[in-house]
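Residues per chain, in single letters:
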Amino acid sequence: MPRGSKKISNMRKDEIINACASLYETMGFRDITIRDIGNRTTFSRTSIYNYFQTKEEIFLALLQREHQAWADDLESIANENESLTAEEFADKVARSLEKRGYMLKLMCMNLYDMECSSRIENLVSFKLAYANTLKVLTHCLEKFFPDMASDDIQKFIYAFFPFLFGVYPYTSTTEKQKEAMEIANIDYIEHTVYEIVKPFIMKIL
C-alpha cells in the first residue's frame, strides 16, 4: 500500500488513468505498456505497481470511471426532468453516450482481457459501478414510463446493454477497414453514436 494520504493516492490513480486514456486515443490496447503509461506520469514507472499490478487493471479503472460518469449523467436526466416522452428520453440518453467514447470502445474490444487480468477487488469495484449504472437507468425508466412493468424494464435492460457492446464498431472505423469493405462491396455508412442509439431506444421502448 503506498504511503501518504488517501487524497494523494487518489490523485496518482487519476493521473495513471488519465495517462492510459491519452495513449488509448492513438494506440491499441495490446500495444500500450506499463512503461508507456509510466512515461506519461510525473512519478516513477515502478510506483504504478503500488496502485495497479497490470495494465488491464488500469484500463478497468478507466472503464469504471466511464460508467460512474455515465451514471451521473443518467441521474441528472432523472433529477432535472419531471416527465419525458419516449423520443425525449431516447434523445437525452443518446446524447449522454456520445461523451462515453472510452466506455463504448473498451466494452466492445477489451472487456474480457481486463476482467481476466485484474485482481478480484478491482473487478468488484468495477462491477459495483456497473451495477449502479443499471440501477440509475432502471430508475429513469420507472420515473418516465410508469406504465412499464418490471418485466418490461428488465427486457429493456437485457436488450440495451448487449446492444451497447456493439455500438463502437459501427461508429469508428479505420481506413484499412473502410478499404476492405469497399473491396468486399459492403455498402457501409458510418453513423454517430447518437444516430445509432436514439432510434434503438425508441424502438425497444
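By convention here, each chain's residues receive numbers from 1 onward along its written sequence. Per-residue local features of the predicted model are confined to residues with pLDDT of at least 70, and side-chain atom pairs are confined, for both listing and counting, to 80 or more; whole-chain, interface and lining totals are unaffected and use all residues. To get the side-chain values, take all heavy atoms of the structure and skip hydrogens and water.

### Observations regarding the layout of surface pockets
The volume enclosed by the second largest pocket comes to roughly 340 Å³. Lining the second largest pocket we find 16 residues, and of these Lys105, Met109, Tyr168, Thr174 and Gln177 sit closest to its centre. Secondary structure follows DSSP: runs of H or I at least 4 residues long count as helices, runs of E at least 2 residues long count as strands, and numbering of each begins at the N terminus. Ranked by residues supplied to the lining of the second largest pocket, first place goes to helix α5 (residues 101-109) with three residues. When the residues that make up the lining of the second largest pocket are grouped by side-chain class, the tally is seven nonpolar, six polar and three charged. In this analysis, the protein atoms alone were mapped onto a 1 Å grid. Cavities are point sets where a 1.4 Å probe fits without being able to get out; pockets are open sets with protein on both sides within 12 Å along at least five of seven lines; lining residues have an atom within 4 Å of a point. Grid points are joined across faces, edges and corners, and a volume is the space filled by probe spheres set on the points. Residues are grouped as follows: Ala, Val, Leu, Ile, Met, Phe, Trp, Tyr, Cys and Pro are nonpolar; Asp, Glu, Lys and Arg are charged; every other residue, Gly included, is polar.

### Points about the packing of helix α3 (residues 55-80) against α5
When two helices pack together, their arrangement is given by the angle between the helix axes and by the axis-to-axis distance. Lines fitted to C-alpha atoms define the axes, with helix axes restricted to the stretch in contact, and inter-axis angles between N-to-C directions lie between 0 and 180 degrees. In contact at an axis separation of 9 Å, α3 and α5 are set at 130° when each is read in the N-to-C sense. Here α5 runs oblique to α3, going by the angle between their axes. Relative to α5, the crossing made by α3 is left-handed. Contacts from Phe59, Leu62, Leu63, Glu66, His67 and Trp70 in α3 reach Gly101, Tyr102, Met103, Leu106 and Met107 in α5. Classifying every residue of the contact of α3 with α5 gives eight nonpolar, two polar and one charged. For classification, angles of less than 35 degrees are called roughly parallel, those exceeding 145 degrees roughly antiparallel, those between 65 and 115 degrees roughly perpendicular, and all remaining angles oblique. For any pair of crossing helices, the crossing counts as left-handed if the nearer helix is rotated counterclockwise from the farther one by less than a right angle, and right-handed if it is rotated clockwise. Residue contacts are defined here by distance: any two heavy atoms, one from each residue, within 4.5 Å place the two residues in contact.

### Thoughts on the pattern of salt bridges
A carboxyl oxygen of Asp or Glu within 4 Å of a side-chain nitrogen of Lys or Arg is what we treat as a salt bridge. In total, this model carries 13 salt bridges according to the counting rule given. The shortest N-O distance in the salt bridge between Asp73 and Lys99 comes to 3.0 Å. With Asp73 in helix α3 and Lys99 in the loop between α4 (86-98) and α5, the pair connects residues that are 26 residues apart, well separated along the chain. Type-normalised accessible area, obtained with a 1.4 Å probe on protein chains alone, sets the label of each residue: buried when under 20%, exposed when over 50%, and partly exposed for intermediate values. According to the relative accessible area criterion, Lys99 is exposed, its value standing at 52%. In this structure, the salt-bridge partner of Lys127 is Glu115, at a minimum N-O distance of 2.8 Å. With Lys127 in helix α7 (residues 120-144) and Glu115 in helix α6 (residues 111-116), this residue pair connects regions lying 12 residues apart in the sequence. Relative accessible area serves as the criterion here: at 37%, Lys127 is assigned to the partly exposed category. Here the residues in one salt-bridge network are Glu66, Asp73, Lys99 and Arg100, joined through shared partners.

Fair warning: the whole summary comes from geometry, so function is off the table for now.
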